[in-house]
Amino acid sequence: MSVAVDGSVITFHYTLKDDDGEVLDTSIDEEPMAALQGAQNVVPGLEKALAGKKAGDKFSVSVSPEEGYGEKAGPGPQAVSKDQFPDDVDVEAGMMFLAEGDDGHPFPLWVTDVTKTEVMVDTNHPLAGQTLHFDIEVLAVRKATAEEMDHGHVHGPGGHHHH
Ligand code: ZN
């Protein structure tokens, strides 16, 4: 039976809880997630915990902010005029947009609030500063294809669907 190493595709169900045990996100009752091990498809702490696992393994892992979505940084939410956003997008809290940095590299911004004229955006991931508690059930482990290795992500169920 294959064991997850760098270059493995791991298909798993996850439930993510916060410190209070509240469920923030879960794949149960939805399509399981598929991640390419070693390609940072998941947060570093979870990737570490998945190493060496095989189909059928169930485990729980708590991931610190440093190995999760980072500590909260920067000035906090900033107001941006609504005209900066595309007309055809209904902007809502929780959405992620890519903005272009001064160096030309895109960086993510998360919407934290929307008013009539302004959108509040933050460079912090909504889960920054939080310890992440994952319950994981590994469904399958297989070797990634050459194309998946090349792209740095999984193709097919639970992964990317190219058009
Ligand atoms: Zn691809």
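Just so you know, these numbers come straight off a predicted model, no measurement behind them. (Residues numbered from 1 in each chain as written. Predicted model: local features only at pLDDT ≥ 70, side-chain atom pairs only at ≥ 80, totals over all residues. Heavy atoms only, no water.)

Caption draft 1: Layout of the pattern of salt bridges. This model, assessed by the stated rule, comprises 4 salt bridges. In this structure, Glu67 and Lys48 form a salt bridge, with 2.4 Å as the shortest nitrogen-oxygen distance. Here Glu67 is found in the loop between strand S4 (58-63) and strand S5 (78-81), whereas its partner Lys48 is found in helix H1 (residues 44-50), with 19 residues between them in sequence. Take Lys48: its relative accessible area is 58%, and that puts it in the exposed class. Residue Asp57 is joined to Lys54 by a salt bridge in which the shortest nitrogen-to-oxygen separation is 3.4 Å. (Salt bridge = Lys/Arg side-chain N within 4 Å of Asp/Glu carboxyl O. Helix = DSSP H or I, 4+ residues; strand = E, 2+ residues; numbered from the N terminus. Buried < 20%, exposed > 50% of the residue type's maximum accessible area, 1.4 Å probe, protein only.)

Caption draft 2: Structural detail: the coordination of the zinc ion. On the protein side, the zinc ion has His151 (ND1), His153 (NE2), His155 (NE2) and His162 (NE2) as donor atoms, found 1.9 to 2.1 Å from it. Given 4 donor atoms and angles of 99 to 122° at the metal, the environment of the zinc ion is assigned as tetrahedral. (Donors = N, O, S within 2.8 Å, 3.2 Å for Na, K, Ca; no water. Tetrahedral: all angles 85-135°; square planar, octahedral: opposite > 155°, others 65-115°.)

Caption draft 3: Seen up close, the side chain of Thr15. Along the polypeptide, Thr15 turns up in strand S1 (residues 8-17). What makes Thr15 buried here is its relative accessible area of 14%. Polar side-chain contacts of Thr15 include one of 2.9 Å to the side chain of Thr26. Excluding residues within four positions of it along the chain, Thr15 makes contact with Val23, Asp25, Thr26, Ile28, His133, Phe134 and Asp135. (Polar contact = N/O pair within 3.5 Å; in protein donor to acceptor, adjacent residues only side chain to side chain. Contact = heavy atoms within 4.5 Å.)

Caption draft 4: How the structure looks around the nonpolar core. In terms of nonpolar packing, the biggest core is built from 20 residues, with Phe12, Leu46, Leu50, Phe134 and Ile136 touching the most fellow members. Where this core is concerned, the elements lending two or more residues are S1, H1, S4 and strand S9 (132-143). Here this core takes 5 residues from S9, the largest share from any one element. Setting aside its immediate chain neighbours within four residues, Phe134 contacts Thr15, Leu16, Val43, Leu46, Phe59, Ser60, Val61 and Val63. If you look at the next biggest cluster of nonpolar residues, it comprises 7 residues, including Phe85, Val91, Val111 and Val119. (Core = buried A, V, L, I, M, F, W, Y, C linked by side-chain atoms within 4.5 Å.)

Caption draft 5: The arrangement of the side chain of Ser8 in detail. Here Ser8 shows up in strand S1. Taking the relative accessible area as the measure of exposure, Ser8 reaches 5% and is therefore buried.

Caption draft 6: Main features of the sheet that holds strand S8 (residues 118-122). Read from one edge of the open sheet, 4 strands run S5-S8-S7-S6, paired in antiparallel fashion. Strands with a single pairing partner mark the edges of an open sheet, and in this sheet they are S5 and strand S6 (96-100). Within the sheet, the average angular offset between the axes of one strand and its neighbour, ignoring direction, is 50°. Here 5 bridges tie S6 to strand S7 (residues 106-114), and the two strands are oriented antiparallel to one another. Its bridge partner being in S7, Leu98 is matched across the sheet by Pro108. (Pairing = 2+ DSSP bridges. Axes fitted to C-alpha atoms, helices over the stretch in contact; angles between N-to-C directions.)

Caption draft 7: Up close: the packing of aromatic side chains. Taken as a whole, this structure holds 2 aromatic pairs when the rule is applied. Centroid distance Phe85 to Phe97: 4.9 Å. Interplanar angle 75°. Geometry classified as edge-to-face. Here the residue Phe85 occupies a position in the loop between S5 and S6, and Phe97 occupies one in strand S6, the gap between them amounting to 12 residues. Taken as a pair, Phe85 and Phe97 share a single burial class, namely buried. A cation over an aromatic ring shows up here: Lys53 above the ring of Phe59, its NZ or CZ 4.5 Å from the ring centre. (Phe/Tyr/Trp six-rings, centres within 6.5 Å; stacked < 30°, edge-to-face > 60°. Lys NZ or Arg CZ within 6 Å of the ring centre and 35° of its normal.)

Caption draft 8: A look at the pairing of S1. Among the 10 residues that make up S1, 9 are buried, leaving the element largely enclosed by the rest of the structure. The sheet contact formed by S1 and S9 spans 10 bridges and is antiparallel. Residue pairing across strands places Thr15 opposite Asp135, the latter belonging to S9. As judged from the 4 bridges shared by S1 and strand S3 (residues 33-36), these two strands associate in the antiparallel manner.

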